[in-house]
Amino acid sequence: MLWKILLLIAIIVAVLYGFKMISRASDGRQPAARKTRKKGRGTESDGQAVDLVKCGNCGAFTAPGTPCSNCGQ
Ligand SMILES: [Zn+2]
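Here's a quick rundown of the structure. Residue numbers restart at each chain and count upward from 1, following the sequence in its written direction. Per-residue local features are limited, in this predicted model, to residues with pLDDT of at least 70; the limit for side-chain atom pairs, both in listing and counting, is 80 or more; totals at the level of whole chains, interfaces and linings are taken over all residues. Values shown for side chains rest on all heavy atoms present in the structure; no hydrogens or waters enter the calculation.

## Examining the overall build of the protein
Helix and strand assignments follow DSSP, with helices taken as H or I runs no shorter than four residues and strands as E runs no shorter than two, numbered in order from the N terminus. A count of helices and strands for the protein gives two helices and two strands. Each helix and strand of the protein, placed in order from N terminus to C terminus, yields the pattern α-α-β-β. Type-normalised accessible area, obtained with a 1.4 Å probe on protein chains alone, sets the label of each residue: buried when under 20%, exposed when over 50%, and partly exposed for intermediate values. When burial is assessed residue by residue, the protein has 14% of its 73 residues classed as buried. Pairs of residues are marked as contacts when any of their non-hydrogen atoms sit within 4.5 Å. Within the protein, contacts between residues at least 6 apart in sequence are counted, and of these 27% link residues at least 24 apart. Carbon and sulfur atoms form 62% of the exposed surface of the protein, whose accessible area is close to 6000 Å². Accessible surface is estimated by sampling points in the Shrake-Rupley manner with a 1.4 Å probe; for residues, cover comes only from the protein chains shown.

## Looking at the coordination of the zinc ion
Four donors placed tetrahedrally about a metal ideally form angles of 109.5 degrees, and six donors placed octahedrally ideally form angles of 90 or 180 degrees. Surrounding the zinc ion are the protein donor atoms Cys 55 (SG), Cys 58 (SG), Cys 68 (SG) and Cys 71 (SG), at 2.2 to 2.3 Å. Metal sites are built from N, O and S donor atoms within 2.8 Å, or 3.2 Å for Na, K and Ca, and they leave out water, so they may look incomplete. Each label reflects the angles at the metal, where four donors whose angles all fall between 85 and 135 degrees are tetrahedral, four or six donors whose opposite pairs open beyond 155 degrees and whose other angles stay between 65 and 115 are square planar or octahedral respectively, and the rest are irregular. Of note is the zinc ion, whose four donor atoms meet at the metal with angles of 101 to 114 degrees in an arrangement that counts as tetrahedral. In primary sequence terms, the donor set of the zinc ion follows C-x2-C-x9-C-x2-C. Taken together, the residues span a long stretch of sequence, with Cys 55 in the loop between strand S1 (53–54) and strand S2 (61–62) and Cys 68 in the segment after S2 at a distance of 13 residues. Cys 68 matches Cys 55 in its accessibility class, with the two residues each being buried.

## Observations concerning a nonpolar patch on the surface
The grouping of Trp 3, Leu 7, Ile 11, Val 15, Phe 19 and Ile 22 at the surface amounts to a nonpolar patch, some 660 Å² of accessible area in total. You can see Ile 11 is positioned in helix H1 (residues 2–29). Here Ile 11 falls in the partly exposed class, since its relative accessible area comes to 46%. Residues qualify for a patch when their relative accessible area is over 30% and they have no salt bridge, like charges being joined within 9 Å and the nonpolar side chains of Val, Leu, Ile, Met, Phe, Trp and Tyr within 5 Å. Put simply, a salt bridge is a Lys or Arg side-chain nitrogen that is within 4 Å of an Asp or Glu carboxyl oxygen.

## What to know about the environment of Pro 67
Its place among the elements puts Pro 67 in the segment after S2. Between the C-alpha atoms of Pro 67 and Cys 55, which are 12 residues apart in sequence, the distance is 9.1 Å. Those residues in contact with Pro 67 that lie beyond four places of it in its chain are Thr 62, Gly 72 and Gln 73.

## A word on the environment of Ala 63
Examined against the element boundaries, Ala 63 turns out to sit in the segment after S2. Residue Ala 63 is classed as partly exposed on the basis of its relative accessible area of 28%. Counting along the chain gives 10 residues from Ala 63 to Val 53, while the straight-line C-alpha distance between them is 5.9 Å.

Worth remembering: the numbers are spatial, not functional.
Below, the structure written as structure tokens:
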């Protein structure tokens, strides 16, 4: 019975790790997708072009003057 639980945990960890890798890869390739996702969340950029700054630590795009939403830097 124990091996089933361990297998389940291993599968969950593998899926979570896989999602992490996919989101990391898409961050570098398609920053526009992340930009539109951010716009949908907040309304402060309505009608205005906001220059997003690429995080030097993880590569995520964040608004200047705000800490990185991905890694906190
Ligand atoms: Zn970052």
